[in-house]
There are 2 protein chains.
Amino acid sequence: MALRMSSLFVRTQKEDPVGAEVASHKLLHRAGYIRRSAPGIYTWLPLGLAVLGKIEAIVREEMALAGSQEVHFPGLLPADPYKKSGRWEAFGPDLFHLKDRRENDYILAPTHEEVFTLLVKDLYSSYKDLPLSIYQIQTKYRDEARPRAGLLRGREFIMKDAYSFDIDDAGLDASYEAMRVAYLRAFARLGLPCLPVKATPGAMGGSGTEEFIYPSEVGEDTFVKSPGGYAANVEAVTSIVPEAIPYSQSPAAHVEDTPDTPTIETLVAAANASHPRSDREWTAADTLKNVVCAVTHPDGTREIIVIGLPGDREVDLDRAAGTGMLGDGEVDLEAATAEDLAAHPELVKGYIGPGNSLDAPVLGRESPSKIRYLLDPRVVDGTRWITGANEPGRHVFDLVAGRDFTADGTIEAAQVVLGDPAPDGSGPLELARGVEIGQIFKLGRKYAESLDFKVLDQNGKATTVTMGSYGLGVTRVMACIAEEYHSENGLLWPQHLAPADVHITVAGKGEEIAQAAEKMTTELEAEGISVLLDDRNKVSPGFKFADAELIGIPTVIVVGRGLADGVVEVRDRLAGEKSDQPVAEVVPATVARVREAYAKAAAAADAAISADQNA
Amino acid sequence: MALRMSSLFVRTQKEDPVGAEVASHKLLHRAGYIRRSAPGIYTWLPLGLAVLGKIEAIVREEMALAGSQEVHFPGLLPADPYKKSGRWEAFGPDLFHLKDRRENDYILAPTHEEVFTLLVKDLYSSYKDLPLSIYQIQTKYRDEARPRAGLLRGREFIMKDAYSFDIDDAGLDASYEAMRVAYLRAFARLGLPCLPVKATPGAMGGSGTEEFIYPSEVGEDTFVKSPGGYAANVEAVTSIVPEAIPYSQSPAAHVEDTPDTPTIETLVAAANASHPRSDREWTAADTLKNVVCAVTHPDGTREIIVIGLPGDREVDLDRAAGTGMLGDGEVDLEAATAEDLAAHPELVKGYIGPGNSLDAPVLGRESPSKIRYLLDPRVVDGTRWITGANEPGRHVFDLVAGRDFTADGTIEAAQVVLGDPAPDGSGPLELARGVEIGQIFKLGRKYAESLDFKVLDQNGKATTVTMGSYGLGVTRVMACIAEEYHSENGLLWPQHLAPADVHITVAGKGEEIAQAAEKMTTELEAEGISVLLDDRNKVSPGFKFADAELIGIPTVIVVGRGLADGVVEVRDRLAGEKSDQPVAEVVPATVARVREAYAKAAAAADAAISADQNA
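Source: prediction; values computed, not measured. Here, residues in each chain are numbered from 1, in the same order as that chain's written sequence. As they are written, the chains are lettered A onward and the ligands numbered 1 onward, keeping that order. Predicted model: local features are reported for residues with pLDDT of at least 70 only, side-chain atom pairs are reported and counted for 80 or more only, and whole-chain, interface and lining totals are derived from all residues. Side-chain measures were taken over the full set of non-hydrogen atoms in the model, leaving aside hydrogen atoms and water.

> Any chance you could explain the sheet that holds strand β6 (residues 97-99) of chain B here in plain terms?
Across a sheet, strands are paired by hydrogen bonds formed along the backbone, either parallel or antiparallel in direction. Residues and elements named next belong to chain B. Pairing within the open sheet is antiparallel, and its 3 strands lie in the order β5-β7-β6. Strands at the two margins of the open sheet, each flanked by one partner only, are β5 (76-78) and β6. With direction set aside, neighbouring strand axes in the sheet form an average angle of 35°. Strands were regarded as paired on the criterion that DSSP finds at least two bridges between them. Helix numbers and strand numbers start at the N terminus; a helix is a DSSP run of H or I with at least 4 residues, a strand a run of E with at least 2. Pairing between β5 and strand β7 (residues 105-108): 3 bridges, direction antiparallel. In the sheet register, L76 faces β7, and the bridge partner there is L108. Axis definition: a line fitted to C-alpha atoms, over the contacting stretch in the case of helices. Angles run 0 to 180 degrees between N-to-C directions.

Dropping the structure here:
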């Protein structure tokens, strides 16, 4: 049955939603696809559901091809398994939780690793049962601090989440690869450019992980890529660590008055004036900057730490927080406040340093301050630094790492900058922004261990199962498609994802025009082509055209005055073309074109896989 | 792609789940369709999802035919609209509620009247926009005190809920009727016997309402029907109220000692001995029994009331609670406890009465006790009673309603019993049990008023919209289908609802047998017939047959030793027949039979409608 604008539950809006900044948010609202119900929580109107259904169908097909079977878990879950795995704590305030009438703890599931593990544990007991891959398309809940950009970051959203169970690492590798292929195929069919980038496991735990990034300026994720094909998110980029330098020839460390050096630039200038190096000039990269930060751990405790890094680098708080080097679970990292500094008088603002010799450390767990001190990996043993002497107006020169100071560990906290070398040597890094539309994890045995899931192996020995977890943000993908496919005046869907295949506009008065449009609708539907028919009586053609542009079905047929001459106007909005076509030809031509578009989208999956394998 | 038992995520179970009492609960668990995740909360395995998908597809088709458009609301909703409508209170402890990180109140939606109203209010403003019917198939949450019987009464379940919006009562009547037809059609297509019965609106508010009852002994709802076609749930049955009787000739009330009359039987015997009536014997129906009950209102307050009814009747607490006569919202009603009675010394256990004359009432809001007193509607003015005299060992005789005592109102609190007359005169009532699988409501203007939803009418005047609400329990329907269709050994689905159309069992060793089964599978699938192929290698035919019986696909093809003679065994489990069929004929015959079953199920909808209209 055709959708009819006269009865369709949609009212296009002239105004953008309050605070909307990105096109998908504005247009999905204005075109009547979604409607905000609460911050980060949306209601789906018929047009929105139609597109969502097409996206889900493609994801389902690719999951089936990858051998994954569909199941469906509750959204409301008992908290106990999440307490066992540690994620009840690790998710922190992002977790919606509640009690039932008997005062038992429940959560609204943010992701389902624990209960998938328990279900399979419940039913399977032997290596013969494995491998297994199961998935669901399900509503997830995360109480984001800053829900934003409509469907891009919501608090209630739809995810496809899959989980694999294998007896050994080789099995996990194969399961992971099958899912990776399914993702590349699915995003290709969905018309979304996408880049698999190396990532860090974060709160999920496990070994290898990749994010699938839709490159876009509206994204919150910064990632890097090199001309040679390296791609990673900034958390996962590893710095090229120089070799340690022998320091037997290095001059001894010594403290000097450094008046009027409030910035790194002035300090460097003063150093070049008073202590010229023989080999080259001092630069900001020779100074060791020590930044005081506050870590909030999942259990709510707040820890003051100091991060030391070359003075030509800025600290990237998000990157540092995402490395997993600050503690278990998801941590928050922020610059220390004035109160934090006041509580630590040993930290002399502007002159903080690790201490002037190994014997008198000022930073580090072993020092009197007990403050954890983490270093950028570039600060290898033997490197020689100018840094604060922990006294106002004084710096220490020729302080040598390993000889004069050590730290509690390293951390990749420095902002990755344009031109940094790719870790694999494939060239200088470029920075790009994007939206994470999927992430796949080799979880390994973390969840199976915490929930004690073992099966008997070939020798009859109980063996812990190894797992993978594979998320794909279905509603977020829809927002990204809207980002990728829109015009100035509205959405502009890929043909195979539009809420209807064809938009027919009755643009003119008179029974004849209306009847011709109805006849065309019936004929198209008989061929399996879906139609949105704008049959509204008292709406001007101008308004109808504007609505059609906003709603964004790429094929528009305008039945109007041309009918007297036996023609209708066919608009191919994706190609930006329009032409008059004889009425007799328009139905078969449209059927052919729509079918071709579907076939092309399906074929895109194969092309994406060969491209990836060639790369 | 065929489902294959060798890889399908299912493990049939020998044991019933702990505490399971009904067949659907036992069998859906044992056959691997669902798995309990928490009390009243289930996970869906692949076979379960397959059947659920077929049920949902039928419901969607019938909603579309009825002109209802699909939308989708969040499960997590802001509490504010429910506070405005009063249901934040009215739902009481059945409502799951929580706070987000900003301490705002949210609920897990038990039903969506409020937010549907707000959405339409947000988009529509004129009578020209109406009528509108929109629906969703969505997860609902109710924190039932006693989740039971698997999917029959869960805490997380799937409902189809639809809402209609009209400008006037005639519009609401038409919307309601369209939905009523859709329900009758849907249940007919789903193979479920179903009876629309009159019901009471309860906490929903509004005027007319009907429940759709699947008659079954496992149901929690008692309903009544008459030979003449009357059907109602017991809450909605109204007693036939006799005409008031003139009491000028009645003897005066008088109190007597009634020793040794601890029961109504002994009291009646004593009355016939000491005070014989001239016209007939006294019976239990001449005694007025006064039952002390405690009402718990939605706001938690507890009220002691007394219900007076003929001594041959028992109080039906559920019926009385469901009438809406005890107060606004959902109330709990229970027998008064010993503590309640101790707190009211004026209530003399075994001898409670309304008082011995109009001038000295003991019960009623106007009496010194202030205890609300409600009467069975049969206690009309002029009826003459033996009842307690509020003194130990004494009763009052010839106490006449209207002359000697009055009450604060009437209540339909008496148990409806077999043989009671149907209110419409269509004969004696029979009692039956059933499961409520749907309920439709003429809500009227209650929600639109509390949320201030008005549109401009034809005269440009702001007019409150009138609404209907229409629920259908999708997961509960699946349980009922399993109740209706099963054998001793397992589920036995209607052909068109089975998780696959055909179950092929490889029952024998050897490449030839396996290959023949594979070929048959491929040929059936080419015709659009779905197959579950039991291709397991190391499982005996006996186990395979048992699993096939448990899983319940009605058409089973056994490929085994007969193959050498060119035959396979075809089992039609619904008909209870099996026969050997030549291999060459089995595919076309099966295709024809399956297609016929689908066509027959679709045709059942039309038959149901004509039957209802003839009735």
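> Looking at this structure, how should I read the packing of helix α1 (residues 23-30) of chain A against helix α11 (residues 474-484) of chain A?
Helix-helix packing is characterised by the crossing angle of the two axes and by the distance between the axes. Residues and elements named next belong to chain A. Packing of α1 against α11 brings their axes to within 8 Å, and their N-to-C directions diverge by 95°. Classified by the angle between their axes, α1 and α11 sit roughly perpendicular to one another. Here α1 contributes A23, S24 and L28 to the contact with α11, which in turn contributes M478, A479, A482 and E483. Under the scheme applied here, ten amino acids are nonpolar (Ala, Val, Leu, Ile, Met, Phe, Trp, Tyr, Cys and Pro), four are charged (Asp, Glu, Lys and Arg), and all others, including Gly, are polar. In terms of residue class, the contact of α1 with α11 is built from 5 nonpolar, 1 polar and 1 charged. Any angle between 65 and 115 degrees counts as roughly perpendicular, while under 35 counts as roughly parallel, over 145 as roughly antiparallel, and the rest as oblique. Contact between two residues is taken to exist if any of their heavy atoms lie within 4.5 Å; hydrogens are not considered.

> Just checking my understanding: could you explain the interface of chain B and chain A for this structure?
Size of an interface: often given as the accessible area lost when the parts come together. Facing 53 residues of chain B, the contacting portion of chain A comprises 53 residues. The salt bridge definition used is simple: a Lys or Arg side-chain nitrogen within 4 Å of an Asp or Glu carboxyl oxygen. If you look at where chain B meets chain A, you find 8 salt bridges. Salt-bridge contacts for R35 of chain B lead to D122 of chain A; the nearest nitrogen and oxygen are separated by 2.6 Å. Each polar contact in these results corresponds to two N or O atoms within 3.5 Å; when the atoms are within protein, one needs to be able to donate a hydrogen and the other to accept it, and residues that are neighboring in sequence are counted only if both atoms are side-chain atoms. Connecting chain B to chain A are 24 residue pairs in polar contact (both at pLDDT 80 or more). A per-class count over the side of chain B that touches chain A returns 32 nonpolar, 8 polar and 13 charged.

> Even after reading the chapter, I still don't get the domain arrangement of chain A, so can you show me in this structure?
As far as domains go, chain A holds domain 1 (33-237 + 429-484), domain 2 (254-410) and domain 3 (491-600). Boundaries between domains were set according to an automatic or database domain assignment. Its C-alpha centre places domain 2 of chain A at a distance of 66 Å from the equivalent point of domain 3 of chain A.

> It is not clear to me how the relation of the copies chain B and chain A should be interpreted in this structure. Could you clarify?
Here two copies of a chain appear, and what relates them is a rotation about an axis with a shift along it. Here the copies are superposed with least squares, the fitted atoms being C-alpha atoms of residues at a pLDDT of at least 70 in both. Each copy superposes on the other: chain B lies on chain A with an RMSD of 0.2 Å after a rotation of 180° and an axial shift of 0.1 Å. The transformation relating the two chain copies, once decomposed into turn and shift, fits a two-fold axis. The position closest to the rotation axis in chain B is occupied by the C-alpha of L98 of chain B, lying 2.6 Å away. Of the residues that chain B buries at the interface, 100% are likewise interface residues in chain A, meaning the two copies contact each other through the same surface.

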